[in-house]
Amino acid sequence: MVVTFNVTDSEQGPWAVLQVSGELDLVTSPVLRQRVHDVVAEGRHSLVLDLSQVQFCDSSGVGVLIAARRLLRSCQGRLRLVLPAQGAVDGSHVNRVLGALGVRRLFDVYADLEGALGEEPLSA
């Protein structure tokens, strides 16, 4: 089975939103890394990564998320992740991976896009 990787972008108020779907792995993570860099280069420093449709994430994907956090913090920006606790397949795979690695606490995590565009993150 081939899973298509896709990143779409939009702007919602002050937020740039990248909606990611498919598998975030060694092959696809450079695409997301470049898209994050493009957003920052355009001067948009408030970013929501909607990962609710990501079905798989390996260590290279986690590395991209940590690098995105570092990049946005370096320009006094904000990064929010959309990682539903529950979903089509027992919740977000990315949420479970970040939790297992002990790095979920580094991110402001939201259950849905509407919440991420609002104010308060979910507790870690």
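We now turn to the structure provided with this report. Fair warning: this is a prediction, and the values are worked out from it, not measured in the lab.

## Re the overall build of the chain
Next up, step 1: Regarding its fold elements, the chain presents 4 helices and 5 strands.
Next up, step 2: The N-to-C order of helical and strand elements in the chain reads β-β-α-β-α-β-α-β-α.
Next up, step 3: Contacts spanning at least 24 positions in sequence make up 65% of the contacts within the chain whose residues lie at least 6 apart.
Next up, step 4: Accessible surface computed for the chain: about 6700 Å², of which carbon and sulfur atoms make up 51%.

## Describing the environment of Asn6
Next up, step 1: As for its position among the elements, Asn6 is in strand β1 (residues 6-12).
Next up, step 2: In the structure, Asn6 is positioned 22 residues away from Thr28 in sequence and 9.0 Å away in space, judged by C-alpha atoms.
Next up, step 3: Not counting chain neighbours up to four residues away, the residues in contact with Asn6 comprise Gln19, Val20 and Ser21.

Reading guide: rules and limits
- Residues numbered from 1 in each chain as written.
- Predicted model: local features only at pLDDT ≥ 70, side-chain atom pairs only at ≥ 80, totals over all residues.
- Heavy atoms only, no water.
- Helix = DSSP H or I, 4+ residues; strand = E, 2+ residues; numbered from the N terminus.
- Contact = heavy atoms within 4.5 Å.
- Areas by Shrake-Rupley, 256 points an atom, 1.4 Å probe, with all protein chains shown as cover.

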